[in-house]
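Structure assessment
Each chain is listed here by its residues.
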Amino acid sequence: MNVAPKPAFVLRQRHLLGIEGLSCEEIVGLLDLAEEFVELNRQVEKKRTSLRGRTQINLFFEASTRTQSSFELAGKRLGADVMNMAVQASSIRKGETLVDTAITLNAMHPDILVVRHHASGAVRLLANKVGCSVVNAGDGAHEHPTQALLDALTMRRNKGRIEGLTVAICGDILHSRVARSNIILLNALDARVRVIGPSTLLPPGIERFGVEVFRDMREGLRNADIVMMLRLQRERMSGSYIPSTQEYFAYYGLDEKKLGYAKPDALVMHPGPMNRGVEINSTVADGTRSLIREQVEMGVAVRMAVLDSLSRNLPNA
Amino acid sequence: MLSERRPILLTNARVIDPSRDLDLPADVLLADGSVREIKRGIGAGGVPEGTEVIDCTGKVVAPGLIDMRAFIGEPGAEHRETFASASHAAAAGGVTTIICQPDTHPPIDEPATVDFVLRRARDTAIVRVHPMAALTKRLEGKEMTEIGLLKAAGAVAFTDGAKSVTNANLMRRALTYARDFDALIVHHTEDPDLVADGVMNEGEFAARLGLLGIPTTAETIMLARDVRLVELAQSRYHAASLTCAESLTVLARAKEAGLAVTASASINHLTLNEMDVGWYRTFCKVSPPLRGEDDRKALVEALRTGLIDVVMSDHDPQDVETKRLPFSEAEPGAIGIETMLVAGLRLVHSGDVPLTTLLKAMSTRPAELLGLPGGTLKPGAPADVIVLDLDAPWVLDREDLKSKSKNSPFDEARLTGRVVRTIVGGRTAFEWV
């Protein structure tokens, strides 16, 4: 099957730094384009040529397996030369060095930089200093736009729509860029968004994000169509946000009983990597209502859609 | 020994139910472990067969007391106090529910320890016992405990006992987290850096005795900090033991602002002052220290107005090894569970505090704050009831006290009024003969 991406779809901006700033049309356009890449990725011949001759650098200041390999595959399938740069977090000194890194890389004339950084706003800072397109692969607790897009694609394919769905995002909202990007995207597409977590893991002011806030899974999951679990980011926790992982699982971990509070056909998502037995148990994670593996598949397609549509804005495109 | 549970009719009593501001002559019928009925002339209308009828002419009948702050040695310091010995002392003092503190060895900071305490008390104590659990693991002030699981196991509140949590960020998170479980945090408000090596109230008297003082500011600063944190977290907070007028100003402002802030005062700080330390009496060394007379008077006035919610014993058994020492080296702490009410009656007899107000602060308010069913004589409430003789004069001899430790600041005190009967769950647990 030969599927041609719609050539008409172009993102308005040079970079993809967040879901914030994307119009509904752009979000839907990216999802539609990604659908086509889902089909392509299931073929034997997965190669396209829209990025032929382009150089894509994956610049990861924070360790990542799935996001980095997903971006790498996406770039390669579109024909780009992809280079992975893993920058040891310990060897950089944030601000100043980040800008130096940007200037150095810029001199190598890449076309697309895919950047992940542990500090919120770092990707935007870098984008201001380079001449190429920048894709945010996650900055601190700010945004992770391709994750929200792949989540939306997964939801749309399984529920047929986003509009009107009740999506409960559960757990460590405070440290989660996935939550922030998802809240913005889902609100833009008219889903009903809820967040559920202990007060210590809910950022003050979250109730003004256009979400319903719950501290109790039983109430928060009632009539939910999608239960989106977040990873408990223990590595970002300086100090005592929760008393123990046992207590966290007892009140906020997703098991069959808590999933039973949601709609009978509710589906389970998780951006990964999972802490099994902390925020989700294996029966649910590996069960028939889990979309977790499908999310990974959608990740490659969504990133191809992002790279493909950004490439149309590149000079000489 | 517990008597057999048959219905009890208390006749011709002056019945005081502070939960309803009732003070009226009536009979009280207790059956099946509950308060059945309160009205005049129940006895005349015939009572269930086998009812024990007790004439309470001239006596007061009131709800059993709930002592919101008592340190029991179990587990870890059974030589000072056990649930058994403390419960006998409690019953003799009209206390039908002990709220024990978590600074034991090991501390009560895990659900399994809560379970141990509840089972141990069930098997050995003659009054009810509910533990507070630690607010931080190992009482170290570094990580909060499993507030949800501990509450589910039976902890009625969370506190680090006689220790203050100095890390404001941890305190904020604990308050924030506790709100999700509607858990009450009880905090000893004393800045340990300002307490430093102090051993008694700072001021002229300490200076004359050559002892290092503890300023009231040590308490007020911590309370003021906590109130600000409660404002952020919007959770339930209780100051464990306030002692001075400045703290009461902070407390009053917090309450006016509508915050869920409440406070206790210990019977020691309401009835004694720094002068009672006299020539270095270590039984009057308590934490926070006994204050000046002006502060004591302010505290009594706050009790009268209801600004101070709860009066507790701060029962802290210490033995000869920890008390027969130079003042500065002795451990702080005084027993008080057995004398809390009779010492409080001094304030009633002096006309400073109405009896109903005192009883409310020792029963109704703690029940409300801790979510316990007692502290009331409403029909259906647990049959935890005391009978008081308000006027009996006597002299306290500490050797008669039922506590394992004898460190009472009221030794040889002349007292007026005493508990003549204590009923727990419809059974007589103490009777004065």
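Residues numbered from 1 in each chain as written. Chains lettered and ligands numbered in written order. Predicted model: local features only at pLDDT ≥ 70, side-chain atom pairs only at ≥ 80, totals over all residues. Heavy atoms only, no water.

1. Remarks on the interface of chain B and chain A
Tallying the contact residues gives 18 residues for chain B and 18 residues for chain A. Between chain B and chain A, a total of about 1,300 Å² is buried, with carbon and sulfur atoms accounting for 52% of that surface. When the buried area of chain B at its contact with chain A is split by residue, R173, Y177 and D180 of chain B rank highest and sum to 41% of it. Linking chain B with chain A are 1 salt bridge. Close ionic contact of D180 of chain B with R215 of chain A constitutes a salt bridge, the shortest N to O distance being 3.9 Å. Looking at the side of chain B that touches chain A, the elements that each hand over two or more residues are α3 (147–153) and α4 (168–180) of chain B. By residue number, the principal contributor to the side of chain B that touches chain A is α4 of chain B, which donates 7 residues. Classifying every residue of the side of chain B that touches chain A by side-chain character gives 7 nonpolar, 3 polar and 8 charged. (Contact = heavy atoms within 4.5 Å. Buried area = accessible area lost by both parts, 1.4 Å probe. Salt bridge = Lys/Arg side-chain N within 4 Å of Asp/Glu carboxyl O. Helix = DSSP H or I, 4+ residues; strand = E, 2+ residues; numbered from the N terminus. Nonpolar A, V, L, I, M, F, W, Y, C, P; charged D, E, K, R; others polar.)

2. A closer look at a negative patch on the surface
Residues D397, E399, D400 and E412 of chain B make up a contiguous surface patch of negative charge. By the secondary structure assignment, E399 of chain B is in the loop between β15 (385–395) and β16 (414–424). (Patch = residues over 30% accessible without salt bridge, like charges linked within 9 Å, V, L, I, M, F, W, Y side chains within 5 Å. Areas by Shrake-Rupley, 256 points an atom, 1.4 Å probe, with all protein chains shown as cover. Lys, Arg positive; Asp, Glu negative; His and termini not counted. Charge placed at Lys NZ, Arg CZ, Asp CG, Glu CD.)

3. What about the domain arrangement of chain B?
Residue and element names in this part refer to chain B. You can read the domains of chain B as domain 1 (8–61 + 382–431) and domain 2 (64–370). In this structure, domain 1 and domain 2 have C-alpha centres spaced 26 Å apart. Taken together, the contact between domain 1 and domain 2 spans 41 residues of the former and 48 residues of the latter. Taken together, the two surfaces of domain 1 and domain 2 that pack against each other cover about 3,300 Å², and 65% of this comes from carbon and sulfur. When the buried area of domain 1 at its contact with domain 2 is split by residue, N407, P409 and F410 rank highest and sum to 21% of it. In this assembly, domain 1 and domain 2 are joined by 2 salt bridges. (Domains from an automatic or database assignment.)

4. What about the sheet that holds strand β8 (residues 128–131) of chain B?
Residues and elements named next belong to chain B. Taking strand neighbours across the sheet as the criterion, the 3 strands line up as β6-β7-β8 in an open arrangement whose pairing is parallel. The strands lining the two open edges of the sheet, one partner per strand, are β6 (65–70) and β8. Neighbour-to-neighbour, the strand axes of this sheet turn through a mean angle of 20°, independent of strand direction. Sheet analysis places β6 next to strand β7 (residues 95–100), joined by 4 bridges and oriented parallel. When the bridges of β7 are listed, D67 appears paired with I98. (Pairing = 2+ DSSP bridges. Axes fitted to C-alpha atoms, helices over the stretch in contact; angles between N-to-C directions.)

5. What to know about the environment of L24 of chain B
You can see L24 of chain B is positioned in strand β2 (residues 22–31). L24 of chain B sits 36 residues away from V60 of chain B along the chain, and the two C-alpha atoms are 9.7 Å apart.

6. Focus on the packing of aromatic side chains
Using the criterion set out here, one finds 4 aromatic pairs over all chains in the structure. Ring geometry for Y248 of chain A and Y252 of chain A: centres 5.8 Å apart, planes at 35°, overall tilted. Here Y252 of chain A and Y248 of chain A lie together in helix α8 (residues 245–252), a separation of 4 residues that amounts to about one turn. In this pair, the class of Y248 of chain A matches that of Y252 of chain A, namely buried. Between W279 of chain B and Y280 of chain B the ring centres are 6.4 Å apart and the planes differ by 40°, which places this aromatic pair in the tilted class. (Phe/Tyr/Trp six-rings, centres within 6.5 Å; stacked < 30°, edge-to-face > 60°. Buried < 20%, exposed > 50% of the residue type's maximum accessible area, 1.4 Å probe, protein only.)

7. Quick word on the sheet that holds strand β5 (residues 166–170) of chain A
All names here are of chain A. Read from one edge of the open sheet, 5 strands run β7-β6-β5-β8-β9, paired in parallel fashion. Of all strands in the sheet, those with a lone pairing partner are β7 (212–214) and β9 (267–269), marking the two edges. Across this sheet, the average inter-strand angle for adjacent strands is 20°, counted without regard to direction. Here 3 bridges tie strand β6 (residues 192–196) to β7, and the two strands are oriented parallel to one another. In the strand pairing of β7, I196 is matched with F214. This element, helix α5 (residues 145–159), spans β5, β8 (226–229) and β9 of the sheet and lies at about 165° to β9.

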